[in-house]
Amino acid sequence: MKIGFLLLSLLLIGGCATTTTANIAGKNRSQLLIVPVAEVNRMSLDYFAKQNDDARSKHRLVTSGPEFVRVEAIMRRLVPHSAALRKDAIDWPWELVLIDAPEVNAHVMAGGKVTVYTGLIRQLKLNDDEIAVVMGHEMAHALREHTREKISEQQLAGAVVSLGGAALGAGKTTMQIAGLAQQLALELPFSRKMESEADVFGLELAARAGYDPQAALGLWDKMSAQGGAGIPQFLSTHPAPKNRKQELAALMPKVMPLYQAANRR
Ligand SMILES: [Zn+2]
């Protein structure tokens, strides 16, 4: 009874909200967001700083040069268009780091800290439109606060564990396990639902910035072709079911007019 009440309170206080305005496909799912933004951003910044220190110590952190300038310019062109999806995002401290490593991968931390591996660009020989699609996808995870949602879900599960533990007199150890679970939540992959959402919002973002959204289709072909030599990391951390390309293709009639309008300006 008591536990049920506390869980209900958590849900009501944090609430099920949504972080963005509706996208072009009209989707706007309600989210479990019980962990404060500031806490998620602090955890994410810590993680980002540790990752960058580690890469720097191995001389793999790229913060200048033509490759960095190219990818950062694409991100900078996308940022102003994030306002169409949520107004505050335009003022976020968006930041790109490029890590010189063969991994075919990219990821994003809460608040707009994007990491791209040179392997993604070099091995797939990405053109600017394809980089914009990847960048849009990563930025969309941040706009939708998927990290905060993931940690909220984890914390709710942890609350169940610790409350259950408290009831059984398990006490402190169980609470510590719940804390650890929250830390590990940062490294857990996003859900299939979140990946689909990042595809939709990301494609809209790229199209609004004047990048050809049809590049998404060629990009997934390149990713699948890579699959022959073991699944590329981008696909293993961003699960790609067979229908993902079809889902992207179905969005074209909605995003192409945004792209055409951007290019008329
Ligand atoms: Zn993703």
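Refer to the structure above for everything that follows.
Cut-offs applied
- Residues numbered from 1 in each chain as written.
- Predicted model: local features only at pLDDT ≥ 70, side-chain atom pairs only at ≥ 80, totals over all residues.
- Heavy atoms only, no water.
- Axes fitted to C-alpha atoms, helices over the stretch in contact; angles between N-to-C directions.
- Helix = DSSP H or I, 4+ residues; strand = E, 2+ residues; numbered from the N terminus.
- Parallel < 35°, antiparallel > 145°, perpendicular 65-115°, else oblique.
- Left-handed = near helix turned anticlockwise from the far one by under 90°.
- Contact = heavy atoms within 4.5 Å.
- Nonpolar A, V, L, I, M, F, W, Y, C, P; charged D, E, K, R; others polar.
- Buried < 20%, exposed > 50% of the residue type's maximum accessible area, 1.4 Å probe, protein only.
- Pairing = 2+ DSSP bridges.

Description of the packing of helix H5 (residues 128–143) against helix H8 (residues 192–208)
Then, in step 1: One way to put it is that H5 packs onto H8 with a least axis distance of 7 Å and a crossing angle of 120°. The angle between the axes of H5 and H8 places the two elements in the oblique class. Note on packing geometry: the crossing formed by H5 with H8 is right-handed. Contact residues: H5 offers Ala132, Val133, Gly136, His137, Met139, Ala140, His141 and Leu143, while H8 offers Met194, Glu195, Ala198, Asp199, Phe201, Gly202, Leu203, Leu205 and Ala206.
Then, in step 2: Grouping the amino acids of the contact of H5 with H8 by side-chain chemistry returns eleven nonpolar, four polar and two charged.

Some points on the pairing of strand E6 (residues 113–117)
Then, in step 1: The buried fraction of E6 amounts to five of the five residues, a majority that puts the element mostly inside the structure.
Then, in step 2: Side chains of E6 alternate between two faces, with Lys113, Thr115 and Tyr117 and Val114 and Val116 buried alike.
Then, in step 3: With five bridges joining them, strand E4 (residues 95–99) and E6 adopt parallel strand pairing. Each residue of the ladder has a partner; that of isoleucine 99, found in E6, is tyrosine 117.
Then, in step 4: Note that strand E5 (residues 106–109) and E6 share four bridges and pair antiparallel. Within E6, the residue paired with alanine 106 across the bridge is valine 116.
Then, in step 5: Taking the residues between adjacent antiparallel strands as the criterion, E5 and E6 are bridged by three residues, where glycine 111 takes a positive phi near 85°.

A word on the environment of isoleucine 74
Then, in step 1: Looking at where isoleucine 74 falls in the secondary structure, it is placed in helix H3 (residues 66–78).
Then, in step 2: Residue isoleucine 74 is classed as buried on the basis of its relative accessible area of 1%.
Then, in step 3: Considered as a pair, isoleucine 74 and isoleucine 131 are 57 residues apart in the sequence and their alpha carbons are 7.5 Å apart.
Then, in step 4: Ignoring anything within four residues of it in the chain, the contact list for isoleucine 74 reads Asp128, Ile131, Ala132 and Tyr211.

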